Amino acid sequence: MRATDIKNPDYFHKVVDCQWACPAHTPVPEYIRMIAAGRYADAYMVNWKSNVFPGILGRTCDRPCEPACRRGRVEEENATKPEPVAICRLKRVAADFKGDVSARMPQAPATRNGKRVACIGAGPSALTVARDLAPLGYEITVFDGDPKAGGFMRTQVPRFRLPESVIDEETGYILDLGVEFRGGQRIDSLRALMNEGYDAIFVGCGAPRGRDLDLPGRQEAAANIHIGIDWLSSVSFGHIEKVGKRVIVLGGGNTAMDCCRSSKRLGGEDVKVIVRSGFDEMKASPWEKEDAMHEGIPILNFLVPKAFLHDNGRLTGMSFEKVQAVFDDKGRRSLVPTGEPDEIHACDDVLIAVGQENAFPWIERDLGLEFDKWGLPVLNEQTLQSTVPRIFFGGDAAFGPKNIIWAVAHGHEAAISIDRFLSGTDLDERPPPEVNLVSQKMGIHEWSYDNDVSNDVRFAVPWTAAEKALKSIKIEVELGFDLQTAYKEAERCLNCDVQTVFNAGTCIECDACVDICPMDCITFTANGEEDAVRENLKAPALNRDQALYVADGLKTGRIMAKDEDVCLHCGLCAERCPTGAWDMQKFLLQMTHAGPACGSRQTTRNAA
């Protein structure tokens, strides 16, 4: 095996599993340490630079960082299953306790650079574009059909999950940068907007059309059959304040979970979710399903809707065919009828939440914009530039429905592209991140971070009492961590960004590090092919998705091989080493956003 090139930013970036998994690459361990130190405003600003909406995401993020958290795969505790650090809820701690950070926000520029950019939609991707470009002097105009900014964060996420005050605050930070917001002004013609002389246009209008079900009885009983995302929007704006006592929600995604929980608060007494797939195949996040069931909402699986039942146009129920999952010899799944009688479920209202799709009726088809067979724009996936060079897409409008953090990531990339496009530079040359690797050594056995591994299991976030929470659509269910619990949860972080860095030149191969390592992840062995090396380690390294840290140059001709997958970053190897061949060095990676640094930032490596 070749020696590992730790100067490659991606090597240690991938070791920081949570940051690697985050689409916006937020430096998670960095802000968690700040929370543990009581530096809540600093933690908020670290988040704000990367993910733009810490308070919103601290309540609603889809949390791709948490399944990646190494705490969830290396701890051996008495819990029923290992649990990752509550990264998302710690983000909310930074937002809840930050105090007034307005003075730390960028200021609107005194002069403009003469370039005008239009953003269609005021959701997370478009607002991220505005946030990144406005301080650079661009004249940004954001258009949205709704009267207030926020997009689906405001219209489709229920208030019991996300208070409106949080949306107002975090969209306000962006609009205060001198961004012109034209609320209540829907774009009906892209051609007309292009003729207004904007130098670049960003389309971040989301995936605004919910899929329908064309089943028998759909038209006759239409008055009590609703498209889920439209219904949630009407609830958000107060147009709908009640629902029937018996409600069926069709679909297995997060929108379906929001629909059923909202129904429970608007008068629904018998509310159920009915899904055609199995429970484990549902697209809803595990915690979203758990929250719904915690509120007494059953989820019925393997039922395929067949018809809406009605009595002279009055909806009375639905019929469903019972199916089962059958797999062929290639592992492909199909749903096959069981042959049992159809199930009938009575209801007064049905909410259809079986998916969303893009709708661009306002984009004329003779502008040179190309669309694929799914109706999505043809884009450069890296730059998000369309086939009309000055038009860019992001968020759900680009590649279909995902989530807020992906929309933010798209916004950052699109802002870089727009900035480079309007400055006449190559869009395909993406700016490198800023990287620092700095020793944390303060003494023989002292580090500038807390390297003790906490034995605590994951702490639960307190909830408002159910009898109170279910009385109002506006009462927030999750209360967030208090500071004492936040500190304890923050201490569960393994500081994956503090790397074990090895210097073969000073190693005497005494094996002290091997003996003291609690995870048996360090081995001195003969070199060879990767498969053989992985098998011959003190504890075989079976996860090939994580690279081995390999160092050569030892006096015996052997190599040092370390399994990065299970390392606790506890620093015991560095404390035990008599020659200082091991060091604990903090790896800090910050993605470069639009601006002058795009063309000048270089990777740096510092050792102290």
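Procedures and definitions
- Residues numbered from 1 in each chain as written.
- Predicted model: local features only at pLDDT ≥ 70, side-chain atom pairs only at ≥ 80, totals over all residues.
- Heavy atoms only, no water.
- Domains from an automatic or database assignment.
- Salt bridge = Lys/Arg side-chain N within 4 Å of Asp/Glu carboxyl O.
- Polar contact = N/O pair within 3.5 Å; in protein donor to acceptor, adjacent residues only side chain to side chain.
- Phe/Tyr/Trp six-rings, centres within 6.5 Å; stacked < 30°, edge-to-face > 60°.
- Helix = DSSP H or I, 4+ residues; strand = E, 2+ residues; numbered from the N terminus.
- Lys NZ or Arg CZ within 6 Å of the ring centre and 35° of its normal.
- Expected span 1.5 Å × (residues − 1).
- Buried < 20%, exposed > 50% of the residue type's maximum accessible area, 1.4 Å probe, protein only.
- Pairing = 2+ DSSP bridges.
- Contact = heavy atoms within 4.5 Å.
- Axes fitted to C-alpha atoms, helices over the stretch in contact; angles between N-to-C directions.
- Disulfide = S-S within 2.5 Å.

The domains assigned to the protein chain are domain 1 (116–208 + 358–422) and domain 2 (210–354). The gap between the C-alpha centroids of domain 1 and domain 2 is 31 Å. At the boundary of domain 1 with domain 2, the tally comes to 2 salt bridges. Here domain 1 and domain 2 share 5 residue pairs in polar contact (both at pLDDT 80 or more) between them.

Another point: the packing of aromatic side chains. The tally for this structure, following the rule as stated, stands at 12 aromatic pairs. Between Phe502 and Phe524 the ring centres are 6.2 Å apart and the planes differ by 65 degrees, which places this aromatic pair in the edge-to-face class. Here Phe524 lies in strand 21 (residues 522–525) and Phe502 lies in strand 20 (residues 498–502), a separation of 22 residues in the sequence. Ring-pair connections join several aromatic residues into one group, and the members of that group are Tyr11, Phe12, Tyr549 and Phe587. Note that Lys98 overlies the ring of Tyr44, its terminal NZ or CZ placed 4.9 Å from the centroid. The ring of Tyr198 has Arg116 lying over it, and the distance from NZ or CZ to the ring centre is 4.1 Å.

The next thing to look at is helix 4 (residues 40–51). Under the 1.5 Å per step criterion, the end-to-end length of helix 4 is 16 Å for 12 residues, consistent within 8% with the ideal 16 Å. A large share of helix 4 lies buried, amounting to 10 of its 12 residues. Within the span of helix 4, buried status applies to Tyr40, Ala41, Ala43, Tyr44, Met45, Val46, Asn47, Trp48, Ser50 and Asn51.

Attention shifts here to the sheet that holds strand 8 (residues 270–274). If you trace the 5 strands from one edge of the open sheet to the other, you get 6-14-7-8-9, paired in parallel fashion. Of all strands in the sheet, those with a lone pairing partner are strand 6 (225–227) and strand 9 (299–300), marking the two edges. Summarising the sheet, strand 7 (residues 246–250) and strand 8 pair through 5 bridges and their orientation is parallel. Looking across to strand 8, one finds that Ile248 is bridged to Lys272. The strands that helix 14 (residues 254–265) touches are strand 7, strand 8, strand 9 and strand 14 (349–352); relative to strand 8, the one it contacts most, it runs at about 175 degrees.

Turning next to the environment of Gly395. With respect to the helices and strands, Gly395 occurs in the loop between strand 16 (391–393) and helix 16 (396–399). By relative accessible area, which is 4% here, Gly395 ends up buried. The sequence separation of Gly395 and Ala407 amounts to 12 residues, and the corresponding C-alpha distance is 4.0 Å. Contact partners of Gly395, with chain neighbours within four places excluded, come to Ser125, Gly400, Ala407 and His410.

This model, assessed by the stated rule, comprises 0 disulfides. Cys259 forms no disulfide, and the closest cysteine sulfur to it belongs to Cys260, at a distance of 7.7 Å. When its relative accessible area of 0% is taken as the criterion, Cys259 is described as buried. A disulfide-free cysteine, Cys496 has its sulfur positioned 5.9 Å from the sulfur of Cys18, the nearest such atom.

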